[in-house]
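# Residue-level structural notes
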Amino acid sequence: MDKSMSAENTPEGKYSILVIGETGTGKSTLINYLTNFFHGGKPGQLRLSIPSKHYNATEGLNHSEKNAADTSKSQTSKCMEYDFKKDGLVFSFIDTPGLCDTEGTHKDEENILKIMQAAVDKGTLVAIMIVINGTQPRATTNLQYTLNQMHNFVPDSFLDNIVVVLTNCNRFSANFDLSHLKPWKVLDSNSFYMDNFALSKPEKAWKNDKEHEKYVENGWKDSMETIRKMINQLKEMGSQATRTFKEMYKKRNDINSNIKNILIDLEKLQNLQNILEETKSNQQGISDDIEKYSNYKQTQEVECKEYVKSDFMSRICETCSNVCYKDWVQSSSILGIYTSSIYKIYKWTTDPLHKIVGRDYCYKCNCSLSAHYDTDEVAVIKMKTVEKVLHEIKALHEYHLQRNVDVENKISGLHDDIATVQGALRAKEQAIRTCCEDLKKVCSHFNFVNELGSIIDVMQKTASNLRSIEAKRNANKMIDDLRYFVDKLTVGQKTDDSCFLD
């Protein structure tokens, strides 16, 4: 907020008044009348802080008027502070951007934020002064809407400090009925009427007309007397700290911030759900691969030779393992025992002779006779099942097993992330509830439907775009719970403590 340059130092004991009203109702004209009251101006010797359609500014103060001749658009583009000193006190009137001009309601919302920010920045405030054209019979639709919006910014403790100034009229000629300001309730002692005729016409229009001049002078005296009463009433009101304004402003910002973060978290939840579904789908493919490569072991039947006890002696060549004489004598008989012993002696004594005569071989296997031995064990051919590992297939099987472990870890992490986001949503839901309940305590008339309705609609659109069934279910439950909470809070009933998410 800009502050005009005052020639005098600002002492302690400052009375700050916020001046609001529709574009063209005379807010800036009121500031100029106040300038004349405090600086001793009069018709023919006007003292003006703000240039008007017919007069230039005289006090050398900063202002934000753009085109005084155009009454369809707000001439005050930002909040301007005008300080006036009287009897050791400073009265600071804060001229604010006009409401309900041709730029639409979005501009009003922007200007309302500027107005309330000005209230917060002041630290203390005596009154909010609403300037209305007293010639109109009722509040326009736009003004009614804007006043309703502003009602959401004013705490209960400040409602008795609302002042209304009806311009372009006196107490008897006013057409405007103050009951049309509902839900605002203005005390009779806080209602004032001012005829600003002296600034609505150029001086040449009445200067040479005695009757006209007398009318202007009488109207001027009435207006100065009205301002005197207004100043006395403001002094009786006394300043209030704007801490509650600041708390309300912060709570509203916290609500909006949490709602916006909820929208972000809903999108984040959707993305996590999408990734989870995709990961689970991939896991099914990995399970199929594990099954596909699980048969990496093969079995086959092979022949193998085993030695078993026999009832007969057999002569076996130890060189070629050939059974040269099978079952040629019963092993348990005396002949078998004797023959086997004789053969061993025979081998020991005749081997050299056989080598000499050249007959050192077996007729059966043609191996050396000395390479044979008698035994009661006989070789038996059997079929045996053996297992063969296919190492390439085994490697693929182990690779997909590890992939499955990695996917399981990822799924577990996604579940943790989803739980974290859901926890954050619950925390933001609780923060919104707390802020709303705190607002209700200091501003019982706060319109939560207007404040949250459009945001809930945005949430509904966001939820409708969610592709995950689980995410959409949670989002819709959250929205339903929020609507229920707002409805209960609006009618003043106690709300339950249910959360947005299961």
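Residues numbered from 1 in each chain as written. Predicted model: local features only at pLDDT ≥ 70, side-chain atom pairs only at ≥ 80, totals over all residues. Heavy atoms only, no water.

Each helix and strand in the chain was counted, giving 10 helices and 12 strands. Per-residue burial over the chain gives 43% buried out of 502 residues. Residue pairs in contact within the chain that sit at least 24 positions apart in sequence constitute 73% of those at least 6 positions apart. If you sum the accessible surface of the chain, you get close to 26,700 Å²; carbon and sulfur atoms cover 49% of it. (Helix = DSSP H or I, 4+ residues; strand = E, 2+ residues; numbered from the N terminus. Buried < 20%, exposed > 50% of the residue type's maximum accessible area, 1.4 Å probe, protein only. Contact = heavy atoms within 4.5 Å. Areas by Shrake-Rupley, 256 points an atom, 1.4 Å probe, with all protein chains shown as cover.)

Attention now moves to the packing of aromatic side chains. Evaluated as defined, the whole model comprises 10 aromatic pairs. The interplanar angle of 90° and the centroid separation of 5.1 Å between the aromatic rings of phenylalanine 37 and phenylalanine 38 together place this pair among those described as edge-to-face. Here phenylalanine 37 matches phenylalanine 38 in class, with each residue buried. By the ring-pair criterion, three or more aromatic residues cluster together here, those being Tyr15, Phe37, Phe38, Phe84, Phe91 and Phe93. (Phe/Tyr/Trp six-rings, centres within 6.5 Å; stacked < 30°, edge-to-face > 60°.)

The backbone of serine 321 sits at a positive phi, close to 60°, despite the residue not being glycine. Position of serine 321 relative to the elements: it lies in the loop between β10 (297-317) and β11 (323-330). In this structure, asparagine 366 takes a positive phi of about 65° despite not being glycine. Relative to the elements of secondary structure, asparagine 366 occurs in the loop between α7 (334-357) and β12 (372-389).

Right, let's get into the nonpolar core. Soluble globular proteins tend to bury their nonpolar side chains together. Counting residues in hydrophobic clusters, the biggest one holds 40 residues, and the most contacted among them are Phe93, Met129 and Leu234. Top contributing element to this core by residue count: helix α5 (residues 210-237), with eight residues. Setting aside residues no more than four positions away along its own chain, methionine 129 makes contact with Ile17, Leu18, Val19, Ile20, Leu30, Phe93, Val163, Val165 and Met230. By size, the runner-up hydrophobic cluster in this structure holds 37 residues, among which are Ile262, Ile286, Phe448 and Phe485. (Core = buried A, V, L, I, M, F, W, Y, C linked by side-chain atoms within 4.5 Å.)

What the rule picks out here adds up to 15 salt bridges. Linking aspartate 95 and lysine 27 is a salt bridge whose minimum nitrogen-to-oxygen distance equals 3.5 Å. With a gap of 68 residues between them, aspartate 95 in strand β4 (residues 89-95) and lysine 27 in helix α1 (residues 27-39) connect regions that are remote in the sequence. The class for aspartate 95 is buried, based on a relative accessible area of 0%. Of the residues examined, lysine 27 reaches a relative accessible area of 6% and is grouped as buried. Shared partners join several salt bridges into a network, and the residues in it are Lys14, Glu81 and Asp83. (Salt bridge = Lys/Arg side-chain N within 4 Å of Asp/Glu carboxyl O.)

Moving on, we get to the environment of serine 239. Within the fold, serine 239 resides in the loop between α5 and β9 (240-241). Sequence separation between serine 239 and lysine 14 is 225 residues; the distance between their C-alpha atoms is 8.3 Å. In this structure serine 239 touches Lys14, Tyr15, Thr124, Leu125 and Val126, once residues within four positions along its chain are discounted.

A separate point is the confidence of the model for the chain. Summary statistics for the chain give a mean pLDDT of 80 and a share of 84% for residues scoring 70 or more. With pLDDT under 50 throughout, residues 1-11 is counted as low confidence; its partners more than four residues away or in other chains account for 28 contacts. Under a pLDDT of 50 for its full length, residues 66-75 has, in the predicted model, 24 contacts with residues more than four places off or in other chains. (pLDDT = per-residue confidence, 0-100.)

Before going further, it helps to examine helix α9 (residues 448-464). With 17 residues, α9 ought to run about 24 Å at 1.5 Å a step, and its terminal C-alpha atoms sit 23 Å apart, in line with that. At serine 454, α9 shows its largest kink, close to 25°. Within α9, the full set of buried residues consists of Phe448, Glu451, Leu452, Ile455, Ile456, Met459 and Ala463. Each element contacted by the buried residues of α9 is listed here: α6 (243-292), α8 (391-442) and α10 (469-490). (Expected span 1.5 Å × (residues − 1). Bend = angle between axes of the 7 residues up to and from the residue.)

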